[in-house]
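# Fold and contact review
Okay, here's what each chain looks like letter by letter:
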Amino acid sequence: MKAAEAIIKILELEGIDTVYGIPGAGINGFYKYLGRSEKIKSFCHRHEEACVHAAGGHFRASGKMAVAACTSGPGATNFVTGVYTCNIDSIPVIAITGQAVTAQLGKDAFQCVDIARICEPVAKKTYQITDPGKVVETFAEAFRVAKEGKPGAIVIDLPLDVQNAEIDFDPALYLPLSIETPAPEAEAIARAIQMINEAKNPLLLMGGGVILANAAARCIQLAEELNLPVITTYMAKGGIPAGHPLNAGHCGIQVGQPIGNKVFLDSDLVLGIGCRFTDRHTGDIGIYRGDRKFIHINIEPSEINKIFPADLGIVADAKKAIEALLVEAKKHGKRSGHVDAANLPALRKELARKLDYGAKPINPHRVFGELNKYFGDEAVFTTGCGITQIWSGQLQEISKPRGYLASGGAGCLGYDIPAAFGATVATGKQGVAVMGDFGFTFHAQELAVCAKNKIPVIVIIVNNAYLGLIRQNQKYAYGYECDVAMPENQGMIDYVKVAEGFACYGERVFDPAEIPAALDRAKASGKPAVIDIVCDPAVDCSMGTALDNCREFVY
Ligand SMILES: Cc1ncc(C[n+]2csc(CCOP(=O)(O)OP(=O)(O)O)c2C)c(N)n1
Ligand SMILES: [Mg+2]
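A short tour of the structure in this document, coming up. (Residues numbered from 1 in each chain as written. Chains lettered and ligands numbered in written order. Predicted model: local features only at pLDDT ≥ 70, side-chain atom pairs only at ≥ 80, totals over all residues. Heavy atoms only, no water.)

## Topic: the pattern of salt bridges
Tallied over the full model, the rule gives 27 salt bridges. A salt bridge links Glu14 to Lys147, with the shortest nitrogen-to-oxygen separation between them at 3.8 Å. Here Glu14, found in the loop between α1 (3–13) and β1 (18–21), pairs with Lys147, found in helix α6 (residues 135–147); they are 133 residues apart in sequence, far enough to count as distant. Residue classification places Glu14 among the buried positions, given a relative accessible area of 12%. (Salt bridge = Lys/Arg side-chain N within 4 Å of Asp/Glu carboxyl O. Helix = DSSP H or I, 4+ residues; strand = E, 2+ residues; numbered from the N terminus. Buried < 20%, exposed > 50% of the residue type's maximum accessible area, 1.4 Å probe, protein only.)

## A closer look at the coordination of the magnesium ion (ligand 2)
Looking at the magnesium ion (ligand 2), one finds its protein donor set to be Asp437 (OD), Asn464 (OD1) and Tyr466 (O), positioned 2.1 to 2.2 Å from the metal centre. Mapping the donors of the magnesium ion (ligand 2) onto the primary sequence gives the spacing D-x26-N-x1-Y. Of the two residues, Asp437 sits in the loop between β14 (431–436) and α19 (446–452) while Tyr466 sits in the loop between β15 (458–463) and α20 (468–478), which places them 29 residues apart along the sequence. No difference in accessibility class separates Asp437 from Tyr466, as the two residues are buried. (Donors = N, O, S within 2.8 Å, 3.2 Å for Na, K, Ca; no water.)

## Considering the layout of surface pockets
There is about 480 Å³ of room inside the second largest pocket. If you go around the second largest pocket, you meet 25 residues; those closest to its centre are Gln257, Arg348, Gln394, Gln396 and Glu397. Contributions of two or more residues to the lining of the second largest pocket are made by α11 (258–265), α15 (344–351) and α17 (387–395). When grouped by side-chain class, the residues that make up the lining of the second largest pocket number ten nonpolar, eleven polar and four charged. (1 Å grid on protein atoms, 1.4 Å probe; cavity = no way out; pocket = protein on both sides within 12 Å on 5 of 7 lines; lining within 4 Å. Points joined across faces, edges and corners; volume = space filled by probe spheres on them. Nonpolar A, V, L, I, M, F, W, Y, C, P; charged D, E, K, R; others polar.)

## Brief notes about helix α18 (residues 416–427)
For α18, spanning twelve residues, the distance from its first C-alpha to its last is 16 Å, which sits close to the expected 16 Å at 1.5 Å a residue. For α18, the tally of buried residues reaches eleven of twelve residues, placing the bulk of the element in the interior. The complete set of buried residues in α18 reads Asp416, Ile417, Pro418, Ala419, Ala420, Phe421, Gly422, Ala423, Thr424, Val425 and Ala426. With its phi angle positive at about 75°, Gly428 sits one or two positions after the end of α18. (Expected span 1.5 Å × (residues − 1).)

## With respect to the sheet that holds strand β6 (residues 153–159)
Strands sit in the order β2-β1-β3-β4-β6-β5 across an open sheet of six strands; the sheet is parallel. Unpaired on one side and paired on the other, β2 (41–44) and β5 (125–128) mark the two borders of the sheet. Ignoring which end each strand starts from, the neighbouring axes of this sheet average 20° apart. The pairing of strand β3 (residues 67–70) with strand β4 (residues 93–99) spans four bridges and is parallel. Within β4, the residue paired with Cys70 across the bridge is Thr97. Against the sheet, helix α4 (residues 74–88) touches β3, β4 and β6, its axis set at about 165° to β4. (Pairing = 2+ DSSP bridges. Axes fitted to C-alpha atoms, helices over the stretch in contact; angles between N-to-C directions. Contact = heavy atoms within 4.5 Å.)

## Points about the pairing of β6
Counting buried positions over the seven residues of β6 gives seven, a clear majority of the element. Across the two faces of β6 the burial is the same, with Ala153, Val155, Asp157 and Pro159 and Ile154, Ile156 and Leu158 all buried. Pairing of β4 with β6, which is carried by seven bridges, proceeds in the parallel orientation. Counted as the bridge partner of Thr97 is Asp157 from β6. Where β5 lies against β6, four bridges are found, and the strand directions are parallel. Within β6, the residue paired with Thr126 across the bridge is Val155. After leaving β5, the chain enters α6 and then returns to the sheet as β6, a path that is right-handed. (Right-handed = clockwise from strand over helix to strand, strands pointing away.)

## Here we look at the packing of helix α10 (residues 216–226) against helix α14 (residues 318–332)
When two helices pack together, you describe them by how their axes are tilted relative to each other and by the distance separating the axes. α14 packs onto α10 with a crossing angle of 25° between their chain directions and a minimal axis gap of 9 Å. Considering the angle they form, α10 stands roughly parallel to α14. Relative to α14, α10 is oriented so that their crossing is left-handed. Along the contact surface, α10 presents Arg218, Cys219, Gln221, Leu222, Glu225 and Leu226, while α14 presents Ile322, Glu323, Leu325, Leu326, Ala329 and Lys330. Among the residues forming the contact of α10 with α14, the class breakdown is seven nonpolar, one polar and four charged. (Parallel < 35°, antiparallel > 145°, perpendicular 65-115°, else oblique. Left-handed = near helix turned anticlockwise from the far one by under 90°.)

Below you can see the structure in the form of structure tokens.
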């Protein structure tokens, strides 16, 4: 059969049910068979980057991999930001790019660019298949590499003559390659429990790896067994229910919360599982480390000791490590726990940031208070970058793993709408994209894709008429303001008309009390919707450079 047909069969056998893509001459060999698949549905986006965000959102929300596909040249280069965004957050996707025929490679042929090389630093692995005989083994390996160990994005570049070549392939003989998940060594687990039991104020730091391993519920049991406060990293937001007695929020210098930073600073030992100690989480590394001991569990050996030396490093799958820790912990009985452990619900109330602002123009904090009240646990939120995204991280209450999809490592404007589209396609849940007035236009065209396919994503715009995060940085780090004001976003430019133009529902909200009714109307419309919430341009967002110096802005 044709290699392209074999590829579609392989995707089906690997469990792929959705391809997010844009066809073009360089990938039409592949699309010929994609269109014939009864198992795979495909969506045509309006920008290639959005295809990869959608495939990433699909995985993050559901745990099921998806494929992104595009044509060669500018289609492929438009993939780069999406590939980077997935890969930095350890999200497995297969990104397939069409390519000119092999004889044209390296000859400045039309729309012929070496995307495999371009993507090398931003993907987990890239392939360019020039031998049709390698198609099957390359795809099989690509799926294994995407999922195994620390997951990531894979780029497979497919010259047109390779897509259209005849190859020998019997789908009945194809078996997805097995995935190895490393188990922890028993001695290390025993040592970890001993260190926790010897500590005065230990805490558990749940990272995104726990969500990826589908181990959040077991992780909470471990915390309960050991009586440890649970701090979730931004990538693990939702890993512990908002109201759980051991939930100590986030620590960090941007999406951190006063409770998370306090509990962290009060600790003397951190059991970090599936986390990577990145800069926005740690802030000043001296303050973060202090005299604390760190146990670091990660599936990827190079993550351990990458930022600072761990007192105990354990290379293991998060779920296997948690199971082993639970068994070991049970041998030793309950311990008294962290100084704050018994007190967390009260502390959460005491240190909560104010949300009930009644002012007009609306204080953005109020928007998040309303979102917390309005949406239940079944919604899936996405967010890209900006102070709106940071407020979202600080203020939103999320109680389910995979219920909050942020562009953590890339902080990518434009991620939100396509990721919400993919999340909704994958789960049927209510996708809600939370974003700023500037980020909105990065991929607003994807509203057309939502409307066409009747995917009723709700877009919440916190419209502060500014590149708010950049304004705040210019103001406090330098004392100037340049090219960040967007008064037109609250005036002559009308996002309601943009929404309506893309066959969506749109509404502008000026009064905080109107937010729930506007959301009701958005839902009742049955269409994708844009709720443009006109907010106070001057409100700043709490942040700092170290866990002990985050400045709170209260209005
Ligand atoms: C693709 C991309 N380009 C540029 C940036 C840098 N950047 C971060 S936040 C921001 C402004 C965002 O403004 P808005 O969407 O209105 O959000 P706000 O900060 O006002 O909430 C910019 C330009 C980015 N994160 N991603
Ligand atoms: Mg803004």
